[in-house]
Amino acid sequence: MKYVLSPARDYVKISQEAAITALVQRFGLDKDSKERVKLYDTPMDPRHKLVPNDGDTVPTDRFDYRSAVGSCLYLAQAPRPDVAYSVMCLSRHLNNPGWEHVRAVKHLMRYLWRTRDLGLEYRHDPHFARVHFEAYQAQSLASPEHRSPKFSDAGVELDPILHSNYSDADYG
């Protein structure tokens, strides 16, 4: 993971350029021409809907689909939330991937390669200097009889053991 702190110390940027480069090189997609890579401006092709594979599964020795999706999942967890939905769609087909799924994950990897310099950027905003969660703090300190109706278990039949555990977890 790469961290960049601005000289003025007013923002930090987190990216995964090295991990994306390693991923693309491992699957041999780093040799694509620049003209081809420029075509991938979205994580998935919006015109193509992935459906379950009815045919044979792609052999792992031809393309390691699980590894490719797992590597993309690693990237989606922190610095690249823009690919999270695509990874979720691809991960639905881990047990029986077809060639259309392989094309989709390669599309995602080419998109990552094209946008490898993107990441998360956190900036200091003087107008948003103090953040607190007053509603949650007040809710967590309330005794069970003073719970907000939104968070109460009124009208819900819970097993007595579950009810005591529920109360202990909320106010314990």
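This text goes with the structure placed above it.
Residues numbered from 1 in each chain as written. Predicted model: local features only at pLDDT ≥ 70, side-chain atom pairs only at ≥ 80, totals over all residues. Heavy atoms only, no water.

### A few points about the packing of aromatic side chains
According to the stated counting rule, one finds 1 aromatic pair in the structure shown. When the centroid spacing of 5.1 Å and the interplanar angle of 40 degrees are considered together, the rings of phenylalanine 27 and phenylalanine 63 count as tilted. Within this pair, whereas phenylalanine 27 is found in the loop between helix H1 (17–26) and helix H2 (34–37), its partner phenylalanine 63 is found in the loop between H2 and helix H3 (65–77), the two being separated by 36 residues in sequence. Phenylalanine 63 carries the same exposure label as phenylalanine 27, and that label is buried. Geometry around tryptophan 113 places arginine 116 over its ring, the cationic atom sitting 3.9 Å from the centre. A cation sits over an aromatic face here: arginine 123 above tyrosine 11, 4.4 Å from the ring centre. (Phe/Tyr/Trp six-rings, centres within 6.5 Å; stacked < 30°, edge-to-face > 60°. Helix = DSSP H or I, 4+ residues; strand = E, 2+ residues; numbered from the N terminus. Buried < 20%, exposed > 50% of the residue type's maximum accessible area, 1.4 Å probe, protein only. Lys NZ or Arg CZ within 6 Å of the ring centre and 35° of its normal.)

### Overview of the pairing of strand E1 (residues 2–5)
Side-chain direction in a regular strand flips from residue to residue, so the side chains alternate between the two faces of the sheet. Two elements, E1 and strand E2 (residues 11–15), share 4 bridges in a ladder whose sense is antiparallel. Its bridge partner being in E2, lysine 2 is matched across the sheet by serine 15. In textbook terms, the turn of a hairpin is the stretch between consecutive antiparallel strands, and for E1 and E2 this stretch comprises 5 residues, one of which, arginine 9, has a positive phi near 60 degrees. (Pairing = 2+ DSSP bridges.)

### Some details on the side chain of aspartate 32
Locating aspartate 32 in the fold gives a position in the loop between H1 and H2. Only 2.4 Å separates the side chain of aspartate 32 from the side chain of arginine 110, close enough to count as a polar contact. Setting aside residues up to four positions removed in sequence, aspartate 32 forms contacts with Val37 and Arg110. (Polar contact = N/O pair within 3.5 Å; in protein donor to acceptor, adjacent residues only side chain to side chain. Contact = heavy atoms within 4.5 Å.)

Taken by themselves, the reported measurements are silent on function.
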